[in-house]
Structures are given as C-alpha cells and as structure tokens.
Amino acid sequence: SLAGTVLTAVVLSTGTARADVVLDWNAIMVSTVATQQPFAQARFAAIMQLAVFEAVNTITGDYKTYRVTGTATSGASPEAAAIAAAHTVLKNYFPGNAVALDAARVSSLAGIADGPAKTSGITTGELAAAAVIAMRNNDGAAPPEFYLPGLPNPGEWQPTPSCTSAGGIFLQWRNVKPFGIRSA
C-alpha cells in the first residue's frame, strides 16, 4: 500500500516509525469490512488507505498530497497519525464496531510514548481522515440502485437463471467517482 510505503520510507530516513501499524490496521480493516460486498470493501479500503497516506504525508511531506492539505506540528508521530486516521475512517463507516475499533486504537497507541508527538500525530490523523471522509461523501456509492429488467429483449441484460434473485444490484456503482482517474 502507498501508506505502507510512506511509513517504510520514514523508517529508513528516521529510524523511528514502523510499518507495523499500517499492516495491523489493514488487517483490522479487512476483518471489519468482511461482511460487505466486494465493491464496498474496495471503497472502504481505499478511503482508509488514502486517509492514512494523507495523515503520514502531512507529517513527512515526502510526496505530493492527493487532495488533502494540512500541517502538522514538527516532530508529530507518523505512527499515531496512521492509527488515528485508520480508526477514524473505520469508526465513521462502521459505528456498530466502535467497541472493537476503540480497543484496537488504544492497543495500537499504547506502543507510542505519551507526549506532544503522539498528541499531534493523533490530531493530524483525525483531521486527515475527516477530510477524506468529507471528500468521499456523495461520491455515488449510495443510495443503492437496482436494475429490474422487463421482458427479455435482444441486447438487454437479463439475470442468469441460476443466480440469486438479487438481479442487477449495485447499479449505482456506474456513478461512483473514481479515486485515481480524473476523467474518462
């Protein structure tokens, strides 16, 4: 992941950050979104990773930002920023998992010394996550749309008889704003 690459670069340059928090939160994200459809899983993963990237990059400044701009206090913890960004995104979209997500946040942050670096990292991560969440509001992923075919006419899609009765679900995904392509 891009965020993992950013934290790996931080390790090489500073010797302090670990990519482990990104990998840990990727695993938390995978288990959190496991009950979602694949399209939604990919969207949530992209939103979380983008928030983590923006949070860490706000601190390191190593890469061009995606669209989020912000500043961080000098010496802010990239690990704390990554944890806070991932947690904020997942908790926003999965409030029913708040207890487990909050416990994972506490556990992840326990490995970082208390102080201004940790506090500033957390703030940076939360702000980056809020910006990415706002950026993806109304991105076309909702409300759900369904295609209900009429009589079978040549050239018109019909559900496969052996498939579930859901028919043409996720029709709204044709309108989802892409993450990386500005125009077709």
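Residues numbered from 1 in each chain as written. Predicted model: local features only at pLDDT ≥ 70, side-chain atom pairs only at ≥ 80, totals over all residues. Heavy atoms only, no water.

## Focus: the overall build of the protein
Next, step 1: Helix and strand counts for the protein stand at six helices and zero strands.
Next, step 2: Reading the secondary structure of the protein in the N-to-C direction produces α-α-α-α-α-α.
Next, step 3: Taking all 184 residues of the protein together, 39% fall into the buried category.
Next, step 4: Split by element, the accessible area of the protein, about 10,200 Å² in all, is 60% carbon and sulfur. (Helix = DSSP H or I, 4+ residues; strand = E, 2+ residues; numbered from the N terminus. Buried < 20%, exposed > 50% of the residue type's maximum accessible area, 1.4 Å probe, protein only. Areas by Shrake-Rupley, 256 points an atom, 1.4 Å probe, with all protein chains shown as cover.)

## Focus on the side chain of Asn57
Next, step 1: The residue Asn57 is located in helix H3 (residues 38–60) in this model.
Next, step 2: A polar side-chain atom of Asn57 sits 3.2 Å from the main-chain amide nitrogen of Asp62.
Next, step 3: Ignoring sequence-local partners within four residues, the contact set of Asn57 consists of Asp62, Tyr63, Lys64 and Thr65. (Polar contact = N/O pair within 3.5 Å; in protein donor to acceptor, adjacent residues only side chain to side chain. Contact = heavy atoms within 4.5 Å.)

## Section: the confidence of the model for the protein
Keep in mind that low pLDDT regions are not for reading the predicted coordinates in detail.
Next, step 1: Here the protein averages 84 in pLDDT, while 85% of its residues score no lower than 70.
Next, step 2: When the elements of the protein are averaged for pLDDT, helix H1 (residues 2–14) gives the smallest value, 38, and helix H4 (residues 78–93) the largest, 97.
Next, step 3: Every residue in residues 1–18 is under pLDDT 50, and counting partners more than four places away or in other chains gives 37 contacts. (pLDDT = per-residue confidence, 0-100.)

## Section: the environment of Ile169
Next, step 1: Mapped onto the secondary structure, Ile169 falls in the segment after helix H6 (116–136).
Next, step 2: Once the C-alpha coordinates of Ile169 and Phe146 are considered, the two residues, 23 residues apart in sequence, prove to be 4.8 Å apart.
Next, step 3: Ignoring anything within four residues of it in the chain, the contact list for Ile169 reads Glu145 and Phe146.

## Section: unusual backbone geometry
Next, step 1: Of note in the backbone geometry, Asn138 takes a positive phi value of approximately 55 degrees without being a glycine.
Next, step 2: By the secondary structure assignment, Asn138 is in the segment after H6.

## Considering the side chain of Arg105
Next, step 1: One can find Arg105 in helix H5 (residues 98–109).
Next, step 2: Polar side-chain contacts of Arg105 include one of 3.3 Å to the side chain of Glu126.
Next, step 3: Residues contacting Arg105, with those up to four places away along its chain left out, are Trp25, Ile83, His87, Ile122 and Glu126.

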